[in-house]
Amino acid sequence: MKTIASFFALALTSAILLTGCGPSGADKQAAGDASLTFVPPGQHDDYYLFYSGGHSGQVFVAGLPSMRHIVTIPVFTPFPGKGYGFDDKSRAMLGNFTWGDVHHPGLSKTDGNYDGRWLFVNDNANNRVARIDLSDFKTKQILGPLPNSSGSHASSFITENTEYIMVGTRFSIPLPKGRYAPISEYEKEYSGMLTAIKVDPQTGEMSVAWQVLTPPFDWDLSSTGKGPSHDYAFFTSYNTEMAHTLLETNASQLDRDLGAVLNWKLAEKAVADGQYELLDGVPVIDPTKAPGVLHFVPVPKSPHGMDTDPSGKWVVASGKLEPATTVYNVEKMLQAIESKDYSGEKLGIPILNFDKVAEGVVPVGLGPLHTQFDGKGNAYTSLFIDSQVTKWKMPPWTDEERANLEKAVLDKIDVHYNIGHLVIGGSDTREPYGDWLVAMNKQAVGRPLPVGPELPETSQLIDIRGPKMRMVAEAFTDKEPHFAQVIRADKIKAREVYPKDENKDPNAVWALEDAKVTRDGDRIDVNMVAIRSRFVPDNIEAKVGDTIVFHITNVEQIPGLGHGFSLNEHNLNGVLDPGETKTYTVKLDRPGVFPFYCTVFCSALHQEMQGYLAVKPADETGSAETASAEGKTVSSKP
Ligand code: RUQ
Ligand code: CUA
């Protein structure tokens with residue numbers, strides 16, 4: 001009996017499967033693939049994924065392979081969630097800008113590999129570069145607007161030992177900035193610029209080191225050398241035509257544009273030898289007067305990305321309007337430079353002979369943009385028009401492959417839809433991780449749940465461990481990742497609190513009895529303690545016309561125990577991490593009583609963490625006092 005019952009049960013199950021109930025084969029396959037990205041609750045991802053946030057002005061941090069968003073790092077844009085852009089320091093850093101356009105994050109390197117210290121990002125709109133400290137995931141410096149540069153698109157690309165961050169200006173303008181010249185004089189009066197930003201090896205502090213003047217091309221992307229190409233940085237331009245209107249057609253005339261081959265060692269030497277002129281305070285090298293600093297190399301056609309492989313022996317560039325990608329042989333480039341084997345010059349800059357330095361042109365597909373490397377001899381190129389990623393074999397090629405480079409194309413995979421950048425962890429280092437590829441796609445119609453006409457961006461995770469690429473997961477982000485960087489999680493040592501003994505802020509107060517209010521003329525300094533679950537002092541008096549300066553110390557030393565500080569109707573929201581001191585300056589322009597409270601859910605009595613700033617009319621006599629039981633008025637000079 002039992003056997004018969006089992007037989008019927010089995011027959012029934014088979015019938016259900018055959019008649020199509022339950023997941024389809026493709027869905028089951030997808031579910032199986034997704035398990036590759038599964039990170040159980042409470043466990044950590046293997047990698048950090050840092051997305052540039054485009055015109056959000058931020059950086060998004062996700063885990064890989066789960067693709068889960070972990071945190072947003074505000075860089076060029078105020079972000080109340082982290083109290084960024086409200087305290088005096090971050091406000092000063094942002095300057096008069098409230099946004100930026102972040103395109104290319106670049107991790108700091110030592111000996112050609114990521115060292116986990118800093119992440120640099122560019123602002124294409126306002127010509128700035130910022131440094132994020134990876135010990136606390138906070139923006140510590142914003143450099144710029146850079147002199148003599150307008151649109152820092154070709155950055156942030158980091159040299160092998162973080163000697164420099166390379167920047168190419170996207171737009172050419174009359175220099176120095178502030179000078180007018182009619183656009184009809186574009187070729188003569190406008191200039192492009194390549195910039196080297198020096199990074200202090202101890203502190204990460206950035207400063208503009210020197211610049212190299214160029215014709216008014218539009219510099220697009222960059223890549224730094226390593227190994228045999230250590231001394232070099234490479235840049236593409238999409239407007240060798242030097243058009244200034246209707247670039248869509250006018251900058252697509254030539255079959256080959258010119259890329260730049262910059263020898264930064266020789267540029268350093270030129271500066272040391274005094275071969276420069278100061279322009280807006282920066283040593284600017286005229287490369288026609290400093291031979292060797294700059295060469296051009298022809299790149300087919302309207303190029304975009306230019307990427308150096310892990311060995312530093314090959315540089316790959318893609319022309320958007322050419323269905324192929326070109327591999328340059330660094331050794332041949334160096335020989336050509338050495339023997340001055342040129343095919344001509346442009347405005348005094350020698351042009352390397354394409355046929356002598358190009359190793360081969362690989363027919364990857366339509367609209368190639370960017371290339372990444374897996375460290376196992378393979379390259380992966382994003383195809384904007386075909387909406388695909390092509391995997392292909394890097395040189396050295398066999399004679400058979402060389403005779404027909406279609407044979408070097410190994411695999412293609414569809415992405416949805418138009419892909420821009422793609423990233424493989426460590427692709428720009430000596431040792432790529434070579435296991436995951438993230439495709440960052442534009443115009444992802446139909447992918448997410450509908451959220452209105454403007455879509456989020458999609459990124460798709462592709463497993464590249466086997467011979468065939470395999471898409472395993474998809475995630476969405478706010479606008480708008482361009483490029484990303486991936487680093488092994490154990491490379492980053494993130495701190496959990498700011499230890500009390502490392503707090504060097506002269507206005508920090510740690511003991512409740514040291515909290516105080518000090519008046520000096522129209523200025524009131526409040527040295528305040530934030531502790532679960534109160535502010536000390538919590539009652540403060542002032543008058544209209546005063547400037548009140550809050551120096552608030554979160555004295556907690558427990559991981560994750562932040563406090564906030566919001567002052568009603570004064571557009572102020574601070575966030576203080578454990579052990580942190582921040583300063584907030586507020587000009588008091590109207591009378592009233594303004595509550596302040598903690599915005600971070602810090603304890604069971606978080607709601608009680610509040611106080612009052614009572615502002616008297618200006619003509620009322622009496623000086624600022626604190627009515628708080630703790631916290632005292634130390635000096636009160638009327
Ligand atoms: S760009 S989609 Cu701003 Cu990096 Cu190539
Ligand atoms: Cu402190 Cu809520």
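You'll find the structure just up there.
Quick summary incoming for the structure in this document.

Quick notes on the rules
- Residues numbered from 1 in each chain as written.
- Chains lettered and ligands numbered in written order.
- Predicted model: local features only at pLDDT ≥ 70, side-chain atom pairs only at ≥ 80, totals over all residues.
- Heavy atoms only, no water.
- Helix = DSSP H or I, 4+ residues; strand = E, 2+ residues; numbered from the N terminus.
- Buried < 20%, exposed > 50% of the residue type's maximum accessible area, 1.4 Å probe, protein only.
- Contact = heavy atoms within 4.5 Å.
- Areas by Shrake-Rupley, 256 points an atom, 1.4 Å probe, with all protein chains shown as cover.
- Lys, Arg positive; Asp, Glu negative; His and termini not counted.
- Charge placed at Lys NZ, Arg CZ, Asp CG, Glu CD.
- Pairing = 2+ DSSP bridges.
- Axes fitted to C-alpha atoms, helices over the stretch in contact; angles between N-to-C directions.
- Polar contact = N/O pair within 3.5 Å; in protein donor to acceptor, adjacent residues only side chain to side chain.
- Near = heavy atom within 4 Å.
- 1 Å grid on protein atoms, 1.4 Å probe; cavity = no way out; pocket = protein on both sides within 12 Å on 5 of 7 lines; lining within 4 Å.
- Sits in = over half its atoms within 2 Å of the grid points.
- Nonpolar A, V, L, I, M, F, W, Y, C, P; charged D, E, K, R; others polar.
- Phe/Tyr/Trp six-rings, centres within 6.5 Å; stacked < 30°, edge-to-face > 60°.
- Lys NZ or Arg CZ within 6 Å of the ring centre and 35° of its normal.
- Points joined across faces, edges and corners; volume = space filled by probe spheres on them.
- Salt bridge = Lys/Arg side-chain N within 4 Å of Asp/Glu carboxyl O.
- Arc of directions from axis to C-beta.

This part is about the overall build of the protein. Per the secondary structure count, the protein includes nine helices and 44 strands. Counting only C-alpha atoms, the protein reaches 100 × 90 × 45 Å along its principal axes. Residues counted as buried form 57% of the 638 residues belonging to the protein. Considering only contacts within the protein whose residues lie at least 6 apart along the sequence, 61% involve residues at least 24 apart. Roughly 26900 Å² of accessible area belongs to the protein as shown, and the carbon and sulfur atoms make up 55% of that amount. Here the protein carries 60 positive and 80 negative side-chain charges, and the mean point of each set is 2 Å from the other.

Quick look at the sheet that holds strand β26 (residues 378-383) now. Spatial strand order, β25-β26-β27-β28: four strands in an open sheet with antiparallel pairing. Unpaired on one side and paired on the other, β25 (368-373) and β28 (409-414) mark the two borders of the sheet. Shown here is a sheet whose adjacent strand axes are inclined to one another by a mean of 20°, direction ignored. Sheet analysis places β25 next to β26, joined by four bridges and oriented antiparallel. What sits directly across from Phe-373, in β26, is Ala-379.

Let's shift gears to the side chain of Asn-239. Relative to the elements of secondary structure, Asn-239 occurs in the loop between β14 (232-237) and α5 (247-250). A relative accessible area of 0% places Asn-239 in the buried class. In terms of polar contacts, Asn-239 uses its side chain to reach the side chain of Asp-218, at 2.9 Å. Of note is the side chain of Asn-239, whose polar atom sits 2.9 Å from the backbone oxygen of Ala-243. Not counting residues within four places of it along the chain, the set of residues in contact with Asn-239 comprises Tyr-186, Pro-216, Phe-217, Asp-218, Leu-247, Ala-251 and Asp-257.

With that settled, the discussion passes to the site of ligand 1. Surrounding ligand 1, one finds His-103, His-104, His-153, Leu-221, His-304, His-370, Gly-420, His-421 and His-482. In this structure the site holding ligand 1 corresponds to the second largest pocket. Taken together, the residues that form the shell around ligand 1 break down as one nonpolar, eight polar and no charged.

A few words on the packing of aromatic side chains. If you walk through the whole model with that rule in mind, you get 19 aromatic pairs. Each ring, one from Phe-217 and one from Phe-296, has its centre 5.4 Å from the other, and the planes form 40°; the classification is tilted. Note that Phe-217 is positioned in the loop between β12 (206-214) and β13 (219-224) and Phe-296 in strand β18 (residues 294-300), a separation of 79 residues in sequence. Three or more aromatic residues joined by ring pairs make a cluster, and in this case those are Phe-535, Phe-550, Phe-565, Tyr-584 and Phe-596. The residue whose ring lies beneath Arg-256 is Phe-354, and the NZ or CZ to ring-centre distance is 3.8 Å. Between the NZ or CZ atom of Arg-465 and the centre of the ring of Trp-436, over which it lies, the distance is 4.5 Å.

Strand order in the open sheet formed by four strands is β4-β5-β6-β7, with antiparallel pairing between adjacent strands. The outermost strands of the open sheet, each flanked by one partner alone, are β4 (106-110) and β7 (138-143). With strand direction ignored, the average angle separating the axes of adjacent strands in the sheet is 30°. Pairing analysis gives six bridges linking strand β5 (residues 113-123) to strand β6 (residues 128-133), with the strands arranged antiparallel. When the sheet's bridge partners are listed, Asp-123 is paired in β6 with Arg-128.

Turning next to empty space enclosed by the protein. In total, this model carries three cavities of 30 Å³ or more according to the counting rule given. Approximately 230 Å³ is the volume found for the largest cavity. Taken together, 22 residues form the lining of the largest cavity, with Phe-157, Ser-222, Ser-223, Asp-307 and Asp-428 sitting closest to its centre. Secondary structure elements with two or more residues in the lining of the largest cavity: β4, β8 (154-158), β13, β19 (303-308) and β25.

Turning our eyes to something else, we now look at the pairing of strand β11 (residues 190-199). Remark: a regular strand shows side chains that alternate across the two faces of the sheet. Here β11 lies mainly inside the structure; nine of its 10 residues are buried. As defined by bridge partners, strand β9 (residues 164-168) adjoins β11 across five bridges and the pair is classed as antiparallel. Counted as the bridge partner of Val-167 is Thr-195 from β11. With two bridges connecting them, strand β10 (residues 173-174) and β11 associate as antiparallel partners. Across the sheet, residue Pro-174 finds its bridge partner in β11, namely Tyr-190. As defined by bridge partners, β11 adjoins β12 across eight bridges and the pair is classed as antiparallel. In the sheet register, Thr-195 faces β12, and the bridge partner there is Gln-211. The hairpin turn running from β11 into β12, its antiparallel successor, is six residues long, and Gly-204 in that turn takes a positive phi close to 80°.

Once that is clear, we can look at the pairing of β8. Counting buried positions over the five residues of β8 gives five, a clear majority of the element. Judged from the three bridges that link them, β8 and β9 form a sheet pairing that is antiparallel. Paired with Phe-157 across the bridge in β9 is Met-166. Counting the residues in the hairpin turn of β8 and β9 gives five residues, including Thr-162, whose phi is positive at 55°.

Quick look at the pattern of salt bridges now. Within this structure, the stated rule accounts for 37 salt bridges. Here Arg-532 ties to Glu-556 by a salt bridge, and the two come within 2.7 Å at their closest N and O atoms. Here Arg-532 is found in the loop between β35 (523-531) and β36 (534-536), whereas its partner Glu-556 is found in the loop between β38 (547-554) and β39 (563-567), with 24 residues between them in sequence. For Glu-556, a relative accessible area of 4% translates into the label buried.

Each α-helix winds once per 3.6 residues, and so residues spaced three or four apart point in a common direction. For helix α6 (residues 264-272), every residue scored as buried is listed here: Trp-264, Ala-267, Ala-270 and Val-271. Angular distribution of buried residues about the axis of α6 spans 110°; they occupy a single face of the element. Of the surrounding secondary structure, the elements contacted by the buried residues of α6 are β9, β12, β14, β15 (256-263) and β17 (282-285). Its side-chain oxygen 3.1 Å from the backbone nitrogen of Lys-265, Asn-263 forms the N-cap of α6. Gly-274 sits one or two residues past α6 and shows a positive phi near 80°.

Further remarks concern unusual backbone geometry. Here the amide bond leading from His-416 into Tyr-417 is cis, since omega sits at -25°, within 30 degrees of zero. Mapped onto the fold, Tyr-417 is located in the loop between β28 and β29 (419-424). Residue Pro-537 is reached from Val-536 by a cis peptide bond, and omega for that bond is 0°. With respect to the helices and strands, the residue Pro-537 is situated in the loop between β36 and β37 (539-543). Of note, the phi angle at Phe-137 is positive, near 60°, even though the residue is not glycine. With respect to the secondary-structure elements, Phe-137 resides in the loop between β6 and β7. Not every positive phi belongs to a glycine, and Asn-148 is a case in point at roughly 60°. Among the structural elements, Asn-148 can be located in the loop between β7 and β8.

None of the figures reported here should be taken as evidence of function without further support.
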